[in-house]
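Listed here are the chains, written in short residue letters.
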Amino acid sequence: HENVSGILAVGTTGESPTLDWNEHNKVIGRVIEFLDNKGVTIAGTGSNSTDEAIEATAHAQRMGVKYVLLVDPYYNGPSSLEICREYIGPIARQFPDVQLIPYIIPGRTGTQILPQDLATLHKIFPNVCNVKEATGSLNNVESIRKLCGKDFAILSGEDDLTYSMITSPEIAGNGVVSVTSNIAPRAVSDMIRHIQQGNIAQAQQLNQALKPLFDIITVKTQEPTDFGPVLCKARNPLAYKTLMNILGMPSGPCRRPLGKMTRNGIEVVLAAIRTVYENNPEILIPIENFFDVDLKQRLYNEKFLERLYYA
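Anyway, here's the lowdown on the structure attached to this text. (Residues numbered from 1 in each chain as written. Predicted model: local features only at pLDDT ≥ 70, side-chain atom pairs only at ≥ 80, totals over all residues. Heavy atoms only, no water.)

1. Comments concerning the packing of helix H9 (residues 200-214) against helix H11 (residues 263-279)
Short version of the rule: An axis is simply a line fitted to the C-alpha atoms; with a helix, the fit covers only the stretch in contact. Between two such axes, the angle follows the N-to-C directions and lies from 0 to 180 degrees. Numbering goes from the N terminus for both helices and strands, where a helix is a DSSP run of H or I of at least four residues and a strand is a run of E of at least two. When describing relative orientation, an angle under 35 degrees is termed roughly parallel and one over 145 degrees roughly antiparallel, while 65 to 115 degrees is termed roughly perpendicular and anything else oblique. Note on convention: the crossing is left-handed when the near helix lies turned anticlockwise from the far helix by less than a right angle, right-handed when the turn is clockwise. By definition in these notes, contact holds between two residues if any of their heavy atoms fall within 4.5 Å. Under the scheme applied here, ten amino acids are nonpolar (Ala, Val, Leu, Ile, Met, Phe, Trp, Tyr, Cys and Pro), four are charged (Asp, Glu, Lys and Arg), and all others, including Gly, are polar.
Relative to each other, H9 and H11 sit at 160°, their axes nearing to 8 Å. On the basis of the axis angle, H9 is roughly antiparallel to H11. The handedness of the crossing between H9 and H11 comes out as left-handed. Contacts from Ala209, Pro212 and Leu213 in H9 reach Ala272, Ile273, Thr275 and Val276 in H11. Looking at the contact of H9 with H11, its residues break down into six nonpolar, one polar and no charged.

What follows is the structure, given as structure tokens:
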């Protein structure tokens, strides 16, 4: 109902690192069932083990999935050439009817497939014609576009760079796999649609209105300890799941080792969502209507913060 074109099942925001493979497969199945062909299901089947990724992709294909997201292999950190030869290449060869979406996010994985190797894969395999790009470097995305050509789909993996990636003539991005769309799906999809239709002023307004939500995907605070202050970094999906709980959207707690935010962190989240609510309430009205909640109560009453942060 909120104009999204599909759902990514078990990406990072879906806490994929702490789901076992049975749970992975169950979530993918439920998303397919829920969407009922009204949108695209993308299944997160990437791993730091190629054999595991092949098994997950085979299972997703048996369930009818046509698109899979393959995150660069984390921790063991193969080179770009190895990612090409020993990971994406073998999966592309084995599943020619499945569209692969390499997911480049070096801040999480400690490795990165480079534009040249991505272009090599695209040249060899017709089913490697998309990427989710979350390096934070517009120069890197420009290189991907230049080397992979205009028929290659570039999806932003960084909400705050989506507007730049799609409006830039050198990039001409095609869309976003968005964290913020868990809270504001219509506003994010409207921003993309406005850009594609040439309504740049409206798109710019939405980008500005959504900026407070883009800024809390990771929340950094200074916290006191008995041994001096420390930086506390609440990484996705902690801030968003906390926010969903505050708003009355059932999401439950994060799985360990993710836990709770600090009170300082919660204040950053509250400041962001209150800014959106006070300046652009229309962005959040769908939450009130669908979940039957009173956002004014939930955003300004302490009782809705109970047990959501470390004492």
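2. Some words on the pattern of salt bridges
Rules: The term salt bridge refers to a side-chain nitrogen of Lys or Arg lying within 4 Å of a carboxyl oxygen of Asp or Glu.
Inspection of every chain in the model, using the stated rule, returns eight salt bridges. Close ionic contact of glutamate 15 with lysine 241 constitutes a salt bridge, the shortest N to O distance being 2.6 Å. Linking glutamate 15 in the loop between strand E1 (6-9) and helix H1 (21-35) with lysine 241 in helix H10 (residues 238-247), this pair joins segments that are 226 residues apart in sequence. Salt bridges linked by common partners bring Arg263, Glu267 and Glu302 together as one network.

3. Some details on the sheet that holds strand E7 (residues 175-176)
Stated formally: DSSP calls a pair of strands paired once it identifies at least 2 bridges connecting them.
Ordered by their spatial adjacency, seven strands build an open sheet running E1-E2-E3-E4-E5-E6-E7, and the pairing between neighbours is parallel. One side of each edge strand has no neighbouring strand; the edge strands of this open sheet are E1 and E7. Pairing analysis gives four bridges linking strand E5 (residues 130-133) to strand E6 (residues 153-156), with the strands arranged parallel. By the bridge assignment, valine 131 is partnered in E6 with isoleucine 154. Each of E1 and strand E2 (40-44) touches H1; the most contacted strand, E2, lies at about 175° to it.

4. Some thoughts on a positive patch on the surface
Inclusion rule: Patches were defined on residues exceeding 30% relative accessible area and lacking a salt bridge, with like-charge contacts within 9 Å and nonpolar side-chain contacts (Val, Leu, Ile, Met, Phe, Trp, Tyr) within 5 Å. Each accessible area is a Shrake-Rupley result for a 1.4 Å probe, and residues are judged covered by the shown protein chains and nothing else. Think of it this way: Lys and Arg go in the positive column, Asp and Glu in the negative one, and His and the chain ends go nowhere. Note on charges: their place is set at NZ of Lys, CZ of Arg, CG of Asp or CD of Glu.
A surface patch of positive charge is lined by Arg108, Lys220, Lys233 and Arg235. Within the element layout of this structure, arginine 235 appears in the loop between strand E9 (230-234) and H10.

5. Some points on the side chain of histidine 194
With respect to the secondary-structure elements, histidine 194 resides in helix H8 (residues 185-196). Setting aside anything within four residues of it in sequence, one finds histidine 194 in contact with Asn199, Ile200, Gln202, Ala203 and Leu206.

6. Examining the packing of aromatic side chains
The criterion, for reference: By convention, a stacked pair of Phe, Tyr or Trp rings (six-membered ring in the case of Trp) has centres within 6.5 Å and planes under 30 degrees apart, an edge-to-face pair has planes over 60 apart, and any other such pair is tilted. Only lysine NZ and arginine CZ atoms are considered, and such an atom sits over a ring when it is within 6 Å of the ring centre and within 35 degrees of the ring normal.
Under the criterion given, the structure shown has two aromatic pairs. Plain terms: the ring middles of phenylalanine 290 and phenylalanine 291 are 5.0 Å apart, the flat faces sit at 75° to each other, and that makes the pair edge-to-face. Directly above the aromatic system of tyrosine 103 lies the positively charged group of lysine 132, at a separation of 3.9 Å from the ring centroid.

7. What about the nonpolar core?
Formally: Only buried Ala, Val, Leu, Ile, Met, Phe, Trp, Tyr and Cys residues count toward a nonpolar core, and they belong to the same one when joined by side-chain atoms within 4.5 Å. Burial classification: accessible surface area is computed with a 1.4 Å probe over protein chains only, and a residue below 20% of its type maximum counts as buried, one above 50% as exposed, and the rest as partly exposed.
Grouped together as the largest cluster of nonpolar side chains are 45 residues, with contacts concentrated most on Ile183, Leu213, Leu247 and Leu284. Residue assignment for this core shows that the elements contributing at least two residues are helix H7 (162-167), H8, H9, H10, H11 and helix H13 (295-300). If near-sequence neighbours (up to four positions away) are discounted, isoleucine 183 is found in contact with Leu213, Tyr240, Leu243, Met244, Leu247, Met249, Leu284 and Ile287. Core analysis: the second largest hydrophobic core is formed by 40 residues, Ala53, Ile83, Ala92 and Met165 among them.

8. Considering the side chain of aspartate 159
Under the convention used in this document: Residues adjacent in sequence count toward polar contacts only when both atoms are side-chain atoms; beyond that, a polar contact is any pair of N or O atoms within 3.5 Å, and within protein one must be able to donate a hydrogen and the other to accept it.
Counting through the fold element by element, aspartate 159 comes out in the loop between E6 and H7. One buried charged side chain, aspartate 159, makes no salt bridge at all; its nearest oppositely charged neighbour is lysine 132, positioned 7.6 Å away. Within polar-contact distance, the side chain of aspartate 159 engages the side chain of serine 178 at 2.6 Å. Setting aside residues up to four positions removed in sequence, aspartate 159 forms contacts with Val177, Ser178, Val179, Thr180, Phe214 and Ile217.

9. What to know about the state of the cysteines
Selection rule: Criterion for a disulfide: a pair of cysteine sulfur atoms at a distance within 2.5 Å.
In total, this model carries zero disulfides according to the counting rule given. Cysteine 84 carries a free sulfur, and the closest cysteine sulfur to it, the one in cysteine 148, is 11 Å from it. Unpaired in this structure, cysteine 254 has its nearest cysteine sulfur neighbour in cysteine 232, at a distance of 13 Å. Take cysteine 254: its relative accessible area is 11%, and that puts it in the buried class.

10. Focus on the pairing of E5
Side-chain alternation along E5 places Asn130 and Lys132 on one buried face and Val131 and Glu133 on a second face that is also buried. Relative to E5, strand E4 (residues 99-104) runs parallel, the two being bridged by two bridges. Bridging across to E5, isoleucine 104 finds its partner in glutamate 133.

None of the figures reported here should be taken as evidence of function without further support.
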